[in-house]
Amino acid sequence: MAPSELQELCDTAGSFHRRGYAFGSTGNLSVRVGPHVWITPTGKPLRDLEPEHLAQIDLQGAPLNGVLPSKEYPFHLLAYESAGPGVAGVVHLHSTHAVALSCLATLDESDPLPLMTPYYRMRVHPLAVLPYFRPGSPELAEAVGRAAEAHHCILLRNHGIVCLGGTIAEAADRAEELEETAKLFFLLRHERLNLLTPDQRDEIDRAFRTGRA
Ligand SMILES: [Zn+2]
């Protein structure tokens, strides 16, 4: 019988597709279960997936069940390797507002989003920004692996986002928070913002600190 994590991965993928966070055949999700990684298949939409549609690979990328994995499987594997045993779920999306943010020439890569809400601070911050690399390339995988040493959330220039979590649900929460924060940013981009103060930020960190950098 398939572990419950596999059904949860399929349900999460379908939910992303239904709600427009993933479209066409974009996006890929994985879970680590013991020594194996289960990842969404290549070239298929994230909707209507069942556990038997997932590719099973080992931590070196060797195929174990005959299903072709997403072409981005190398960055999933390096993210797990770098992040260590506390991470067991990875989400990659091309969600619209986060991709729009990744395309801004004016983006401050050291501080990509203003501190508008406590939830961004709790679930996303610190957000790493990586330069553009070709999708599926070893250079992209290596860069994601390095960023995953100290970040749960990564913005890929001109491409999308990668979010890590202790479970697929936690990774999905982070991805949704990042996409919605990017949406808020564009809604408010030309307004004067009332941001959280340093004291308010520090209070959040004391109460809810989850970031690793
Ligand atoms: Zn992608």
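Coordinates for the structure precede this section.
Parameters at a glance
Residue indices follow the written sequence of each chain, beginning from 1 at its first position. At least 70 in pLDDT is required for a residue's local features to be given in this predicted model, at least 80 for side-chain atom pairs to be given and counted, and no such filter applies to totals for whole chains, interfaces and linings, which use all residues. With hydrogens and water stripped out, all remaining heavy atoms of the structure feed into the side-chain values. What is meant by a nonpolar core is a set of buried Ala, Val, Leu, Ile, Met, Phe, Trp, Tyr and Cys residues, joined one to another through side-chain atoms within 4.5 Å. Exposure classes here rest on a 1.4 Å probe applied to the protein chains alone. A residue is buried below 20% of its type maximum, exposed above 50%, and partly exposed in between. Put simply, DSSP marks the helices as runs of H or I at least four residues long and the strands as runs of E at least two long, and each gets a number from the N terminus on. Whether two residues are in contact is decided by their heavy atoms, any of which lying within 4.5 Å being enough. We call two strands paired when DSSP finds no fewer than two bridges between them. Axes here mean lines fitted to C-alpha atoms, for a helix over just the part in contact, with angles spanning 0 to 180 degrees between N-to-C directions. Sites may look incomplete because water is not among the atoms; the donors themselves are N, O and S atoms within 2.8 Å of the metal, or within 3.2 Å for Na, K and Ca. Think of it this way: a Phe, Tyr or Trp ring, Trp meaning its six-membered ring, pairs with another when their centres are within 6.5 Å, and the plane angle makes it stacked under 30 degrees, edge-to-face over 60, tilted otherwise. Every helix has an expected span of 1.5 Å times one less than the residues it contains.

Draft legend 1. Region of the structure containing the nonpolar core. Phe16, Leu29, Val91, Leu93, Leu127, Leu155 and Ile161 are the most contacted members of the largest nonpolar core, which has 36 residues in total. Of all the secondary-structure elements, those providing two or more residues to this core are α1 (4-18), β1 (28-33), β4 (89-93), α3 (96-102), β5 (127-130), β6 (153-156), β7 (160-165) and α6 (168-188). Of the residues forming this core, the biggest block, six residues, is contributed by α6. Beyond its immediate chain neighbours, meaning those up to four positions away, Leu93 contacts Phe16, Tyr21, Ala22, Gly27, Gly160, Ile161 and Ala175. Membership of the second largest hydrophobic core comes to 24 residues, among which are Ala55, Tyr80, Leu140 and Ala147.

Draft legend 2. Highlighting the sheet that holds β6. Read across the open sheet, the seven strands follow the order β3-β2-β1-β4-β7-β6-β5; overall the sheet is mixed. Bordering the open sheet on either side are β3 (55-58) and β5, each of which pairs with just one other strand. The mean inter-strand angle of the sheet, taken between neighbouring strand axes irrespective of direction, is 20°. Relative to β6, β5 runs parallel, the two being bridged by four bridges.

Draft legend 3. The coordination of the zinc ion, seen in detail. The zinc ion binds to the protein through His92 (NE2), His94 (NE2) and His159 (NE2); the donor distances cover 2.0 Å. Linear spacing of the donor residues for the zinc ion on their chain is H-x1-H-x64-H. A relative accessible area of 22% means that His94 is categorised as partly exposed.

Draft legend 4. Structural detail: the packing of aromatic side chains. By the definition in use, this model includes two aromatic pairs. With a centroid separation of 5.4 Å and 75° between ring planes, the pair formed by Phe185 and Phe186 is classed as edge-to-face.

Draft legend 5. Spatial organisation of α6. The terminal C-alpha atoms of α6, which comprises 21 residues, lie 30 Å apart, in line with the 30 Å expected from a rise of 1.5 Å per residue. If you check which residues of α6 are buried, you get Ile168, Ala171, Ala172, Arg174, Ala175, Glu177, Leu178, Glu179, Thr181, Ala182 and Phe185.

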